Structure formats: C-alpha cells, structure tokens
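Structural overview for review
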Amino acid sequence: MHYYRYSSAEVSCWYKYLLFSYNIVFWLAGVVFLGVGLWAWSEKGVLSDLTRVTRLHGIDPVVLVLMVGVVMFTLGFAGCVGALRENICLLKFFCGAIVLIFFLELAVAVLAFLFQDWVRDRFREFFESNIRSYRDDIDLQNLIDSLQKANQCCGAYGPEDWDLNVYFNCSGASYSREKCGVPFSCCVPDPAQKVVNTQCGYDVRTQLKSKWDESIFTKGCIQALEGWLPRNIYIVAGVFIAISLLQIFGIFLARTLISDIEAVKAGHHF
C-alpha cells in the first residue's frame, strides 16, 4: 500500500461557494434597492436636477434606500468576487466592513438604551424637520402618513406640531385651505368609509381641544413609539439577534476562506 502526500493545501470548495451564495443574495438585494431608488428619483425629476435633494429641509426616504443599496451592492460584490477569485484583499475588505457594521449596530443599541433622553430629543428634531417639509416631497409624505396611521398618532408630541408646516399653520397670515388642520393620516378611521377621506383633517384644530379626540389622534408619535417598544421588545430583540447571527456567520465564512487561501499560498499542508 502506498501513501501519497499532496504538494499543496487546497481551498475548501464548501466554504468558497457557501460564501458566494451568502453574498449573491445581498448583491442582488443591493441591485434591487438601487434600482428602486433611481426609479423613484427619476419619477420625481431629481436625476435631471440633483440640487432638489439639498432643497428639501427634511429627509428624502429615497436617499436612505439608495444608501442601503450602495452598501449592500458594494459588500455583496466584494464578497462574491473575493470568494470566486480567492482574492484576499476583497475578502478582507468584506470581512472588515461587516465587523465595522456589527459593532456600529451594537454601539447604537447600547447608546440608545443609556441615553434615552438624547435619543428622544433627536427623534423630535427629526420628526419636526420632516413636518416642515411634509408637502415638499411625496415620499416624505407617505413616510409620515404611514408612521402616523400605523401608530395612531399625530405630530411629534401632538397635533399642535403641525403648526410648524406652512400649509397647516393656524396663523392669520396663512391662506391655505389646510390652515388649522392636520393630514388625513391623523384622522380616526371610520369603519363605514370604504374610500379614504383625505380632507377629514380640515379645520379640526379650530374646534375646542376637548373635541379633538373625536375625529383625530391626539397622542404624539414619540409617546406612541415609547409605548410600542416595550410591547414588542421580544420581536425587536429577535430581529436584532437574527441580523447579528447572519453577520457573524458571514464573518466566519470570510475568515475561514482567508485562512485557507493564506495557507495555500504559504505552502502549508493540512
């Protein structure tokens, strides 16, 4: 019986193609996010005039979609090519970026827990800034309306916050038909209505405050979010743990593949 010794170590095909499959999903998802973001910008005419993004005082939700798309596309591409071509530089870039994102998420979660008052103030500033720009961007409108309808809330701390918007402001200088009103997403839904009444919030704030809760939500979205989080803490924790495990799994695959490639290049034997 003869025994043979391989002249060089081999890179595990299992880890190589598992990492490729892991990244192809994120790469394709990144392509989808980029496509949706660019399509939304083209529909709003932003691609022909990029200065429109800087004119918006709030935040354009499409920007967030594009940012997520760029990150996912870049990391997915680096991971796919790095795995197929056994490129250590790309694999290290992918691994390092995932590690950085993981620790950033962890730091944000810890800081949000430790500095709840600071987070509450930042969220109030964010919401108020977007209230001012509510009519400036259709995607921003949809984002705020979805948030208010889902949480049955109105404004950051209450319906009066809509005075920050020039169209809903109650001052005498305003000639808007929406003056002293609120968006339709603040209205208490009527089960009998099959068609959404987008004018249900008109002139609501001209009435006595004691009658507001008959037609609109009077709770602010910050209080609603503070109440929602304890009720769904297990769901939030589960999502965070699932994302963390996926990231750790990707880091493990990348580091294992890097070790195999380095071992082959160094001429080590397994």
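Residues numbered from 1 in each chain as written. Predicted model: local features only at pLDDT ≥ 70, side-chain atom pairs only at ≥ 80, totals over all residues. Heavy atoms only, no water.

- Under an unreviewed UniProt entry, the chain has the name Tetraspanin and belongs to Ceratotherium simum simum.
- Quoted verbatim from the Subcellular location (unreviewed entry) field of the UniProt record, the comment on the chain reads "Membrane". (UniProt positions renumbered as here; feature names shortened; annotations may be inferred.)

Some words on the nonpolar core
- Grouped together as the largest cluster of nonpolar side chains are 19 residues, with contacts concentrated most on Phe127, Ile144, Trp162, Val182 and Ile216.
- Going through the elements one at a time, helix H5 (116-132), helix H6 (138-151) and helix H7 (221-231) are the ones with two or more residues in this core.
- With three residues, the single largest contributor to this core is H7.
- The contact partners of Phe127, leaving out residues within four places of it in the chain, are Ile144, Leu147, Gln148, Gly155, Ala156 and Cys221.
- Membership of the second largest hydrophobic core comes to 17 residues, among which are Leu75, Ile88, Leu253 and Ile261. (Core = buried A, V, L, I, M, F, W, Y, C linked by side-chain atoms within 4.5 Å. Buried < 20%, exposed > 50% of the residue type's maximum accessible area, 1.4 Å probe, protein only. Helix = DSSP H or I, 4+ residues; strand = E, 2+ residues; numbered from the N terminus. Contact = heavy atoms within 4.5 Å.)

Re the state of the cysteines
- Within this structure, the stated rule accounts for four disulfides.
- Paired by a disulfide, Cys153 and Cys221 hold their sulfur atoms 2.0 Å apart. When the S-S torsion is 85°, as for the bridge of Cys153 with Cys221, the disulfide is right-handed. With a gap of 68 residues between them, Cys153 in the loop between H6 and H7 and Cys221 in helix H7 connect regions that are remote in the sequence.
- Residue Cys153 is classed as buried on the basis of its relative accessible area, which comes to 0%.
- Classification of Cys221 by relative accessible area gives buried; the value is 3%.
- Between Cys187 and Cys200 runs a disulfide, and the two sulfur atoms are separated by 2.1 Å. The disulfide joining Cys187 to Cys200 has a torsion of about 105° about its S-S bond and is therefore right-handed. (Disulfide = S-S within 2.5 Å.)

A few points about the packing of helix H1 (residues 13-44) against helix H8 (residues 233-266)
- Interhelical geometry of H1 versus H8 gives an angle of 140° and a closest axis separation of 9 Å. Viewed along their axes, H1 and H8 form a crossing whose handedness is left-handed. Together, Tyr15, Lys16, Leu18, Leu19 and Tyr22 of H1 and Leu246, Gln247, Phe249, Gly250, Phe252, Leu253, Ala254, Thr256, Leu257 and Asp260 of H8 make up the contact between the two elements.
- Looking at the contact of H1 with H8, its residues break down into ten nonpolar, three polar and two charged. (Axes fitted to C-alpha atoms, helices over the stretch in contact; angles between N-to-C directions. Left-handed = near helix turned anticlockwise from the far one by under 90°. Nonpolar A, V, L, I, M, F, W, Y, C, P; charged D, E, K, R; others polar.)

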